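Chain by chain, the residues run as shown.
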Amino acid sequence: MTAADGGARWLGAVLKHLFFWLLVRPLVLLALGLNVRHRERLPRRGPAILAANHNSHLDTMVLMVLLHPGLLTRARPVAAADYFLANRLVAWFSLRVVGILPVERGGARRDGDPLRLASQALTRGEIVILFPEGSRGEPERMAELKSGIGHLAMRHPEVPVVPVFLHGLGKTLPKGSAVPVPFFCDVFVGEALRGGETRFAGEPRKLVRALGEAIDELRRAGGFPEWT
């Protein structure tokens, strides 16, 4: 690592703490009226995978804020390269401050392995935040889960995959909106799954199905209506 790289990493870490402590945490914990159930199920250390339904850019911010503060620099959200690396300024902020793991939509990477960066992050003991639907959908509507998270879990069979159900964030900051609107939001954290469990028999699709069912069970446990 060069001195310039080290300086950029240090600056990114400082800006990340300032961004989350001065802007994101007050917004999430005070302005949103956030209700969290079973927060104790969130990982206290890495490696781990957080998997949630996805309706808003706030989803990532909420999950990062709810982790133990000491894990902030080890939280790595998976995000679309074509969106978050669209220009140099957004790319620098996304990579250095938020700490995204960019992935090509459609499952392709130039090296042929779309899961490489996420897998390396888990090997380093980091927490990967992943939205198995692949992109933001309509509020309170969950699309079909992609198989990538199943393959990632099979590569790391002992790593916990923690299902999370998010409600209300799609109305607070819906797709296409840049200004948050006050709205009560809920977060429900489920029991961890692991790719190495016998019931999955090394089949990624079985874990993906179980993950979808776990998120839906959290929705029903919260008394929310069926997906629209």
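These figures come from a predicted structure and were not determined experimentally.

### Regarding empty space enclosed by the protein
Within the structure shown, the criterion is met by two cavities of 30 Å³ or more. For the largest cavity, the calculated volume is near 70 Å³. Elements represented by at least two residues in the lining of the largest cavity include exactly α1 (3-31) and α2 (58-66). The element that contributes the greatest number of residues to the lining of the largest cavity is α1, accounting for three residues. Of the residues belonging to the lining of the largest cavity, the class tally is eight nonpolar, one polar and one charged. Its boundaries defined by the atoms lining it, the second largest cavity holds a volume of some 30 Å³. Surrounding the second largest cavity, Asn 53, Asn 55, Asp 59, Glu 140, Leu 166, His 167, Gly 168, Leu 169 and Gly 170 form its lining. When contributions to the lining of the second largest cavity are tallied by element, the ones reaching two or more residues are β6 (160-167) and α7 (169-172).

### As for the packing of aromatic side chains
Under the defined criterion, the tally for this structure stands at seven aromatic pairs. Seen in terms of ring centroids, Phe 19 and Phe 20 are 5.3 Å apart; in terms of plane orientation they differ by 85°. Their pairing is edge-to-face. The class for Phe 20 is buried, based on a relative accessible area of 1%. For the ring pair Phe 165 and Trp 227, a centre distance of 5.6 Å and an interplane angle of 75° mean the geometry is edge-to-face. Of the two residues, Phe 165 is situated in strand β6 and Trp 227 in the segment after α8 (204-221); the sequence distance between them amounts to 62 residues. Cluster of aromatic residues (ring-pair linked, three or more members): Phe 165, Phe 188, Phe 224 and Trp 227. Stacked on the ring of Trp 21, the Lys or Arg Arg 25 has its end atom at 4.4 Å from the ring centre.

### Describing the environment of Ala 48
Residue placement: Ala 48 occurs in strand β2 (residues 48-52). Judged by relative accessible area, which is 0%, Ala 48 ranks as buried. When neighbours within four sequence positions are excluded, Ala 48 is seen to be in contact with Pro 43, Leu 122, Glu 126, Ile 127, Val 128, Val 159 and Pro 160.

Calculation notes
- Residues numbered from 1 in each chain as written.
- Predicted model: local features only at pLDDT ≥ 70, side-chain atom pairs only at ≥ 80, totals over all residues.
- Heavy atoms only, no water.
- 1 Å grid on protein atoms, 1.4 Å probe; cavity = no way out; pocket = protein on both sides within 12 Å on 5 of 7 lines; lining within 4 Å.
- Points joined across faces, edges and corners; volume = space filled by probe spheres on them.
- Helix = DSSP H or I, 4+ residues; strand = E, 2+ residues; numbered from the N terminus.
- Nonpolar A, V, L, I, M, F, W, Y, C, P; charged D, E, K, R; others polar.
- Phe/Tyr/Trp six-rings, centres within 6.5 Å; stacked < 30°, edge-to-face > 60°.
- Buried < 20%, exposed > 50% of the residue type's maximum accessible area, 1.4 Å probe, protein only.
- Lys NZ or Arg CZ within 6 Å of the ring centre and 35° of its normal.
- Contact = heavy atoms within 4.5 Å.

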